[in-house]
Amino acid sequence: MSMTNWDNMVFTWQNAYLNPNDPPTASGITSLRRSESYSSSSLSLDSFALKVNGTLYDEWDGEAYLTSDGSFHHMLQAQSLNITRSYTFPPYCEFYIVTYTFTNDGLYPLEVDLLDFLFGTSTTSTTSWVPGEGEGYGAIVRADTGTATGTGTWGDITQQHQVGNQTGDASPIEQFIKTGTLSNVTAYKTSSPCVASLSRMIIPGDGRPTSMSFWRTLQPNMASLASVAEQITQHTSSYWMQQGASTYRTFLSKGVQYSNTNQTLVDFYQHSLIMMKNSLLPGQGTFVASFHPSYGFKVWARDGCFSAMIMDAAGYQEEAEQFLAWMATAELRPNNEGFHTCYDWFTGDDAGFVEPQYDNAGAFLMAVYHHFIISKNLDFLDQVAPRVREIEEFFLSQVGAYGLAPADYSIWEESSDPHTGQPLPTSYFTFTQSMAYAGLVSAATIEKILGNTTRANIIMARANEIRGGVQSHLWVPSSGSEGYYARGMWSDTLALDPRRDSSSLAAVWTGLSPNASWSQSHLSDIIANLTQQGHALGRYWGDIFFYESKFNPGGQEVGAPTPPWGVTTMFGAWAELALGTPYAGSSVLDRLHWMVDHGAYGGMAVGEAVDGVSGQFVMSGCPDLYEHAGVYIWTSLLADGLALPPNPALW
């Protein structure tokens, strides 16, 4: 999980288990960054340890969930003690709040010693506990940058403080484990900084909650830290949390108001919107693809373009425009051959992943046109026009076999065989061709808006050339039906890859397929061959990712090949909505219910896939923003007629 203050700060958080096959890791906030230097984190861990009646607890794994007030909660347990560690990042405030809430389900009171601590990053730093009003505050000041990370309370009772190392004799953690106390060291210079506070309390056995809160901040220097600490403590923690909740309520109220008699669907929609909002790095404009640490906090250019369209559809034009403006300046591949596959969320630099992938080029053109249709912002169109023309030129100049858009590795990024690891050739994937077609249809209209009719006609002719190539060379006749669109055509042999692939449904929902009968046949074929768990769709038949692939990010996490994915399930819903009866309506609602039913605790979007055998979501990649939260938002709106479909010819 990650949260921002919507202005200039972001933190990342992780649970103890990143996937079911790896040992546990430290749980808590794992980085804190400011916009002046997003590339550098001031924290490596914000966590805690407990002693309950003298027994140590320092490994934490439990359910985590969002609430519509923008708070994030982690539920834990030690003996009969229920613990909730909550995080609130009030928008436009330069601090976040950590709140502990304890309840005791037992008959007798529990003596609880709470050690709240921060680890700075591994660089030479001066740690100190600064006297001040109430408890004062702890600080970690980096020697190389002078930045100051601070922590304090609102007068909650903390008996002891200690600064020092993260490990060894000078460690507050080690001191607490050995003696149950801290030594009140108030200044220490180290390259593994730690600041800790110890609080002792008795939790009654009557179920009444006991709470205490800490604040954290990252400032450019100690003077700024002192000023912010004074500002924070002028009001109570409850006041700041109420301010944050109010801002989140305003955010949710300004978007398109999705409603449903099933409140679970509405909650999932709102939580997904909050996750999407926090996937946008403020000031940078980048949309991260996943909050899971194993995915490296990357911006998949394709996913980001869809995220922009989804936020536009949901009524959040400012967020969409920030990303598209960033894409207009992002580094292109050599010779301007489209976008890189991935960029670093924090720096915007090329993040080095499987290339080439050209679906993002078509998606960018779509997203620009979609944003203009909704916002009517001509100044924006003028701003991004140079990048639009660079992408147009790429598609105009790079013509593949049979007039198709260039071959690549989109959408599933399989540049190597998942069984053997041997290199695979690029392919003319139906998905990439569909995105190129929709992107060029969008670009042709953009050029008309900008007064360039001749260029618009040239671009539209290129779009139709791609459409013709797909119709002539990627269609597979099939016994018992008219046929279906192949997954792709290998670039080295020009032989068809005849596997059914649900991403090829893009030919239907982008409008590339001009033949309604073929579109219906293709959708029916995909549903017949790739349906999992009644209402979900796998990627392609025999897909071993998350099962037996050499490239599984977390080992085997599903019980059989072809696990259903959220994004492909929603691709199916988009195609059903595009074609109308007999597929629109109840089956789309069933697909939306499947997304919610296979989400995480508390109505949270999950990762890319779900185990088709057990129904458990795959932890690696969880939560995925566009591929679960985002597509759920757009499909909910599409099903209720509240959004434009992903077909630019209908805008």
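Everything below is about the structure printed above this text.
Residues numbered from 1 in each chain as written. Predicted model: local features only at pLDDT ≥ 70, side-chain atom pairs only at ≥ 80, totals over all residues. Heavy atoms only, no water.

A word on the packing of aromatic side chains
What the rule picks out here adds up to 48 aromatic pairs. A connected cluster of aromatic rings, assembled from ring pairs, spans Phe-306, Phe-431, Trp-509, Phe-571, Trp-574, Tyr-626 and Trp-634. The cationic tip of Arg-499 hangs over the ring face of Tyr-540; the distance from NZ or CZ to the ring centre is 5.2 Å. (Phe/Tyr/Trp six-rings, centres within 6.5 Å; stacked < 30°, edge-to-face > 60°. Lys NZ or Arg CZ within 6 Å of the ring centre and 35° of its normal.)

Notes on the pattern of salt bridges
Applying the stated rule across the entire model yields 29 salt bridges. The partner of Asp-113 in a salt bridge is Arg-200, with the nearest N and O atoms 3.2 Å apart. Pair noted here: Asp-113 is in strand β10 (residues 110–120) and Arg-200 is in strand β16 (residues 193–203), with a separation of 87 residues, a long-range link. Judged by relative accessible area, Asp-113 falls into the buried class, the value being 7%. Within this structure, Glu-414, Arg-487, Asp-497, Arg-499, Asp-501, Arg-539 and Asp-543 form a network of salt bridges that share partners. (Salt bridge = Lys/Arg side-chain N within 4 Å of Asp/Glu carboxyl O. Helix = DSSP H or I, 4+ residues; strand = E, 2+ residues; numbered from the N terminus. Buried < 20%, exposed > 50% of the residue type's maximum accessible area, 1.4 Å probe, protein only.)

Brief notes about the environment of Gly-400
Within the secondary structure, Gly-400 is located in the loop between α8 (378–397) and α9 (430–449). The exposure class assigned to Gly-400 is buried, which follows from its relative accessible area of 17%. In this structure the C-alpha to C-alpha distance between Gly-400 and Val-388, which are twelve residues apart in sequence, comes to 21 Å. Setting aside residues no more than four positions away along its own chain, Gly-400 makes contact with Ala-405, Tyr-428 and Arg-462. (Contact = heavy atoms within 4.5 Å.)

What to know about the pairing of strand β2 (residues 9–14)
The two faces of the sheet receive side chains in turn, since in a regular strand these alternate between them. Extensive coverage of β2 is indicated by the burial of six of its six residues. Of the two faces of β2, the one lined by Met-9, Phe-11 and Trp-13 and the one lined by Val-10, Thr-12 and Gln-14 are each fully buried. Here strand β1 (residues 2–4) runs beside β2; their pairing, made up of three bridges, is antiparallel. Residue pairing in the sheet places Met-3 in a bridge with Phe-11 of β2. Judged from the six bridges that link them, β2 and strand β3 (residues 28–34) form a sheet pairing that is antiparallel. (Pairing = 2+ DSSP bridges.)

All we've got here are geometric facts, nothing functional implied.
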